[in-house]
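In case you want the letters, here they are:
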Amino acid sequence: HLRSIQHSNQSPNKKKMNIDLILTTPVTLYLVFFGFIIYAFMMADPEISSIASLCQKSIPNFFMNQMRNVFGAEIINALVNGIHFLQIVYLFVVLGSWSVMFAHGYPMMDTSSQVSSYHKYSGYVVFMLCMTSWRRACKAPPGYITENSIMKFDNYPYDNLLYTNKLCPTVHIRKLARSKYDRVSNRHVPRFDHYCGWLNQSVGEENYRYFLFFLLVHTVMVIYGSIVTALLFYGEIIDKDLHNARFFNVATGAEVIADNMMVFHYLLMTHFYLAMVLLLMSIMTLMLGAFLGFHLYITARGMTTNEYFKWKEVRKWYKKATRQYQKAVQDGKVGVSVSNNSSSSSVDKGGISDDTDIGCTGPMNTTTSNGSGGTATTTTSTTTTNKTKNDIEEEIMDPGPFPQNIYDHGIIENFKEVIYPRSTRPNALKRWVDWHKTEERLRQHTKTEEQKRREDVDVVNGKTKAI
């Protein structure tokens, strides 16, 4: 309801506060709504938060059941198996924002003094990169460890801290170092990082590079979009000389002297959808920038998201063990002895169980089938045992130096392992092929020996009898 008019010397309007209230209401409601979406769909755990459970489970299940009743269960189930709910949210937000930019932002580029029209074409390139990187990250498998592929992914030694040589209790094969069984995808994933709901995909050794590229493209996209959109608004201010204009409310006739807040209100009401997209991109710039920075940091340090949270628990254990030892020495309860912390079991180090599921924001609770018709809930908890006070005092010892991450080989090598995974290198593929050949020769040898045994006959009464 605001329009700019010619310069005037008339006094400011008497109802400016009411106008401010009316115009700031949509922005406030948008911020509240967007904050709710971020919390309910991204940050909150549906196993703990009733709001997240309602938004991520109850409401989607209700609509899916209604759609099954209307379109049929087979059609809807086929769609559900092909696309996850968060992927629908992603497409709605990204495609919706780009539609606003194409419909409202691109026409402004033709007349803007601050943004060249060539940004139209670079925008198309960014849009294609955005959708292509997302599609590629959704479809690229992380690699799956099975009895037939285990030799391909056996590329990391056990550190006997985070990983020990043992059988996976779920699939009953040797649990390789840095691997993890992901209960969301029900597959054993090498160099497991986390499960990403936006991709409906586990992120592991062979697709972490595509995940990083997807994250990088989207971070650049929101930064680029924020700058271009802000320049479009700035060009509107300069080209129309809005700071020297007068405004009036067409409903009340009240006149307002231009100031920064009034110019902001004018742009907001004139280009409301584009302003909301700018606000969204500005917020996502901070969030995606922080998320990308985190993944670049852990990659440079030779860690995965799964291992990052495991190391946090190791640090907690180390600090606690050091305090206990120092206090015990002061009290004269123990002598000076140093533990070999590198050979201790990871279960003794605290809270991140090897079966804890890792999502985009860290350890999460996951309800899974227990194989007998019931459900089991996995939670992050600290391992406790029933020990007497004397047993605990006897076990107090100097934890020694903090254990080192044996998978950290320097920034260049760490990034090389992401860009060029070990399982795709010639030595790993050759070892895998040679192992298959050896297995095939053993099977043929066993088959031949069995055949010879069956052909070993004894002639009885002119007949052959298998022995």
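Treat the numbers as computed from the prediction; the structure is a model and nothing was measured.

(A) Spatial organisation of the confidence of the model for the protein chain. Per-residue pLDDT for the protein chain averages 79, and the proportion of residues at 70 or more is 75%. With pLDDT under 50 throughout, residues 1-17 is counted as low confidence; its partners more than four residues away or in other chains account for 44 contacts. Counting contacts from residues 366-394, a segment whose pLDDT is below 50, to residues more than four positions away or on other chains yields 37 contacts.

(B) Looking closely at a positive patch on the surface. Taken together, Arg 301, Lys 312, Arg 315, Lys 319, Lys 320 and Arg 323 make up a surface patch of like positive charges. For Arg 301, the location among the structural elements is in the loop between helix 9 (272-300) and helix 10 (305-330).

(C) Seen up close, helix 5 (residues 119-139). The terminal C-alpha atoms of helix 5, which comprises 21 residues, lie 30 Å apart, in line with the 30 Å expected from a rise of 1.5 Å per residue. Here the buried face of helix 5 lies against helix 4 (85-109), strand 7 (201-203) and helix 7 (208-240).

(D) Quick look at a nonpolar patch on the surface. Where nonpolar side chains cluster on the molecular surface, the patch consists of Val 125, Leu 129, Phe 213, Leu 216 and Val 220 and spans about 420 Å² of accessible area. Sorting the residues of the nonpolar patch by element identifies helix 5 and helix 7 as the ones contributing at least two each. For Leu 129, the position within the fold is in helix 5. In this structure Leu 129 comes out as partly exposed when scored by relative accessible area, which is 39%.

(E) Focus on the packing of aromatic side chains. Enumeration according to the criterion identifies 20 aromatic pairs in this entry. Ring plane angle 65° and centroid distance 5.3 Å describe the contact between Trp 98 and Phe 127, whose orientation is recorded as edge-to-face. With a gap of 29 residues between them, Trp 98 in helix 4 and Phe 127 in helix 5 connect regions that are remote in the sequence. The interplanar angle of 40° and the centroid separation of 6.5 Å between the aromatic rings of Phe 211 and Phe 214 together place this pair among those described as tilted. Here the residue Phe 211 and the residue Phe 214 both occupy positions in helix 7, the gap between them amounting to three residues, near one helical turn.

(F) Quick peek at the pattern of salt bridges. Under the counting rule described, the total for this entry stands at eleven salt bridges. Its salt-bridge partner being Arg 178, residue Glu 307 comes within 2.8 Å of it at the nearest N-O pair. A residue pair is termed long-range when its members are at least 10 positions apart, and Glu 307 in helix 10 and Arg 178 in the loop between strand 3 (174-175) and strand 4 (180-182) qualify at 129 residues. For the residue pair Glu 307 and Arg 178, the accessibility class agrees, reading buried in each case. With a shortest N-O distance of 3.1 Å, Lys 327 and Asp 331 are connected by a salt bridge. Here the residues in one salt-bridge network are Arg 178, Glu 307, Glu 417 and Arg 422, joined through shared partners.

Conventions adopted
- Residues numbered from 1 in each chain as written.
- Predicted model: local features only at pLDDT ≥ 70, side-chain atom pairs only at ≥ 80, totals over all residues.
- Heavy atoms only, no water.
- pLDDT = per-residue confidence, 0-100.
- Contact = heavy atoms within 4.5 Å.
- Patch = residues over 30% accessible without salt bridge, like charges linked within 9 Å, V, L, I, M, F, W, Y side chains within 5 Å.
- Areas by Shrake-Rupley, 256 points an atom, 1.4 Å probe, with all protein chains shown as cover.
- Salt bridge = Lys/Arg side-chain N within 4 Å of Asp/Glu carboxyl O.
- Lys, Arg positive; Asp, Glu negative; His and termini not counted.
- Charge placed at Lys NZ, Arg CZ, Asp CG, Glu CD.
- Helix = DSSP H or I, 4+ residues; strand = E, 2+ residues; numbered from the N terminus.
- Expected span 1.5 Å × (residues − 1).
- Buried < 20%, exposed > 50% of the residue type's maximum accessible area, 1.4 Å probe, protein only.
- Phe/Tyr/Trp six-rings, centres within 6.5 Å; stacked < 30°, edge-to-face > 60°.

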